[in-house]
Each structure stands twice: as structure tokens, then as C-alpha cells.
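# Observations on the model geometry
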Amino acid sequence: MWMDMKMAWRNVWRNPRRTWLTISAIGFACTLLIFMLSFQFGSYETMINSSIKINTGHLQIQAENYFEKRSMRLVVPNPEAVMDAVSDIESVEAVTARANAFSLLSSDNRTYGAMVVGIDPEKEARVSTLESLVREGGFLTSAQPDANPAIIGRLMARNLQVDPGDELVLLGQGRDGSVAATVLTVHGIYTSGMDEFDRSTLHIPLDTFQSVYSMRGAAHEIVINVSSLNQVAAVKKTAAKQLNQMPQGDQLLVLDWDELVPGLTQAIKIDLTIGIIFWGLLVMVVAFSILNTFLMAVLERTREFGVMMAIGTGPGRLVKLMLYESGAMTLVGITLGILLGCLVTWIFEIYGIDLSGASEIMKQYGISGRIYPQLSIITALAGPVLVWVITFMVSLYPAFKIKGLRPVEAMAQV
């Protein structure tokens, strides 16, 4: 065995130019696959976290059918009790209550429909990044100097032609069917990078919301943030058990981010599918490179194989020799590819990739700054293992082609 491996290694370098070209192709493919996979996983986490931290949270507790119907009457009747119950669950970092209502907003010049969201300023700051997104004016506080303060998105402020300090008239319908009307003062303007969110959402203190919309202390959403995405399933299961032990808890549901933002999951699946197709094409290019290398080796060395078979070398040993040669080149290429791929990915993992000019689709999920690739065991080995398997399978054809050689005919070739 060791003799065959030593002979195979020497044969690999009989044509160093072709060997290095093949090794380079394998190494480049592995490097590209490692970086692409790490970049995609990093972008997915950025998309998920951006959406979660700006809007939905990791989990939400809602009344049954509220997510589908968005009815004012489908509420969490005792949000404080629910928040107290889930706050003690392991891995839960922050909890807050929100209430939502679609209403008309009027400035001096224009009227637009908007989703009015009632938030607890102090708890919201721990759950979402909304406070850090305020670019003009300030965030809501418990001791607000303005009468009925509100913060709105940049695009909504532009559409309504308002600035901090201007007034808006709100008109909607309360939980009990009464008219909900009040005058709000624009206290701040935020920019999330998600155009739909910035165009259609206005936030006011939860106390103000409950008073204007006759909520009687109820809320529509209990938003939960956990320590990591990996803990979401466990916390969801525990929260559901806690709700079942509470009065009217069977009328409440726990939804995770995947259910709250189905479009995000679909976007990730589409992007991953496109990535898989590209990876397949790249691996096929490498496969044909390996196939070409070994077909040429078989053709060039047909006479040599004929002589070896004539002096007693079995076809099986020659096949094994060719597979050793294939494995040696693939191993060198993959090793170099893993080292280079991990190095490149590690550098970008530290400094990130600037996407300040991100496309409109990416901006919808809050990706407008930097993306940091995520290097892991999976991203470092998945591509190289795939390359190894494909190149081994491709090398079988030229290797087993040797079995069909006849010593006399093979020695006659020049």
C-alpha cells in the first residue's frame, strides 16, 4: 500500500504544470465555497436580527387569530401578568407589551393612513433598537415634556411634511367601537432602513394608546427577546406551558420570528437555493477539470500501463494507483483551499463587508450597513467535503477505464 501511495505521489508530479492547474482549480473552488457559505449565513443572521430587533422580537404572545385578522378586539387582557410569567424563563432577556391600531394621521397639509403602535418607552428600549434609530428629535421617555408625544419614520415625516415639534391629528376606532381621536406632537423621527416600516408606522406611549383607544389596560402583543436564535424553540415551548396555567391562557398563542415574518424565511430559502445552484456549477467545473486531467493521464500512459500489465501488474492495482493519484491532488487542493478560504473569511469576519449601497430588496430587511461572514465548522468543511466527493466520483471513470485495456494493444500505442 505504501509503495503504491509513494508511486502515485511521484506520478502526480510528472506533469507539474497540469497538476498545479488542477490543484489551483480545486483550491479556488474550496476557497470560494467557504467564503460564499460563510457570507450567506452571516447575511441571513443579519437579516433575521435586523427584523427582530427593529420590529417583531424573537417571540410574541398574541390572542388567537390576532395575527391573521389584526382585530382591535383580539387582545391580551392582562399583559402585566403575562410579562411577569415569561420574564422568569431561562434565556429570556427582555419583555415588553405593544398595542396596534390602523388610523388616519393628518398634518396641516396632508392625510395618510398609518399603523399606530403603543409602546412602553423604557421596556421597548431593551427589546428593540428603535431608540438608536432616532435621527431627529428624541426618543419617547416616561416623563415626556410634550403633550401626547409621538415618533415617526423618516418617509412618513416626509409624506406628511412634518418636523419635530409639529402636531398631528389622529383619528381611528377604539377597542369598544368608539371614536379614537387626539392631537399628537412629533417628538422624534427615526430611520430604520426598512422603507415599509419607515413609511407606515408611528409610535406613541402605551399609556396614551390605551387611553385614546379605550383598551382598558389590554395590549395586542407581548414581545420577547431571548439570548440567541438557538434558544427560541425552547423558550417558545416553555412560554406555551406557562400560558396554559394562567386564566384565559388557552386563548393566547406563542409565535416565533419564523411565523411572524414569513417573507423573511422565503427570501432566505430563495437565496439559499440560488446559492446551491451556483455551488453546483462551480463544483461541476472542478469535476470536469479533474476528469480532463485523468483522462489525459490515462491516454498518455496507455503504453506504460500495458507494460505494467504485461509484467504481471493486475488491473485492480492500476485502478488503485490512479485513485491514489486523484486523492493526492484533491487532498492538496482542498487543504490549500480550506486554509486560504478560512483566512479570507476570518479577515472579513473581523472587518465586515460594506453594503452602504445595498439594493432595495436588502434594505427591506434592514441590511444597509455591514455584513460579517460567519465562519464555522459547517461553513469551513461543507464545501470542501462536497468537492472531495464529486472529484472522487469523477475520477472513477478514467480509473476504471484502465480495466478495459489489453496489454498487447496498449503497448502498441505510441
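Below you will find a few notes about this structure. (Residues numbered from 1 in each chain as written. Predicted model: local features only at pLDDT ≥ 70, side-chain atom pairs only at ≥ 80, totals over all residues. Heavy atoms only, no water.)

## Considerations on unusual backbone geometry
Residue N65 is not a glycine yet carries a positive backbone phi of 75 degrees. Among the structural elements, N65 can be located in the loop between strand 1 (59–63) and helix 3 (66–69). Even without glycine at this site, R70 takes up a positive phi of about 55 degrees. Along the chain, the position of R70 falls in the loop between helix 3 and helix 4 (79–87). (Helix = DSSP H or I, 4+ residues; strand = E, 2+ residues; numbered from the N terminus.)

## Regarding the packing of helix 2 (residues 16–56) against helix 15 (residues 377–401)
Between helix 2 and helix 15, whose axes approach to 8 Å, the crossing angle comes to 140 degrees. It follows that helix 2 is oblique to helix 15 by the angle criterion. For helix 2 against helix 15, the interelement crossing comes out right-handed. Touching I26, C30, L33, I34, L37, S38 and F41 of helix 2 are I378, T379, A380, A382, G383, P384 and V387, all from helix 15. Residue classes in the contact of helix 2 with helix 15 are distributed as eleven nonpolar, three polar and no charged. (Axes fitted to C-alpha atoms, helices over the stretch in contact; angles between N-to-C directions. Parallel < 35°, antiparallel > 145°, perpendicular 65-115°, else oblique. Left-handed = near helix turned anticlockwise from the far one by under 90°. Contact = heavy atoms within 4.5 Å. Nonpolar A, V, L, I, M, F, W, Y, C, P; charged D, E, K, R; others polar.)

## Examining the side chain of T379
With respect to the helices, strands and loops of the structure, T379 is situated in helix 15. In this structure the side chain of T379 is engaged in a polar contact, spanning 3.2 Å, whose partner is the side chain of S38. A distance of 2.8 Å separates the side chain of T379 from the backbone nitrogen of S376, its partner in a polar contact. The contacts of T379, once residues within four sequence positions are left out, are I34, L37, S38, F41 and Q374. (Polar contact = N/O pair within 3.5 Å; in protein donor to acceptor, adjacent residues only side chain to side chain.)

## Points about the packing of aromatic side chains
For any pair of aromatic rings, the description consists of the separation of the ring centres together with the inter-plane angle of the planes. Under the counting rule described, the total for this entry stands at five aromatic pairs. Centre to centre, the rings of F41 and Y44 are 6.4 Å apart; their planes meet at 40 degrees, and the pair counts as tilted. You can see F41 and its partner Y44 sitting in helix 2, three residues apart, about one turn around the helix. With relative accessibility at 28%, the residue F41 sits in the partly exposed group. According to the relative accessible area criterion, Y44 is buried, its value standing at 7%. (Phe/Tyr/Trp six-rings, centres within 6.5 Å; stacked < 30°, edge-to-face > 60°. Buried < 20%, exposed > 50% of the residue type's maximum accessible area, 1.4 Å probe, protein only.)

That's the geometry; what it means functionally is another story.
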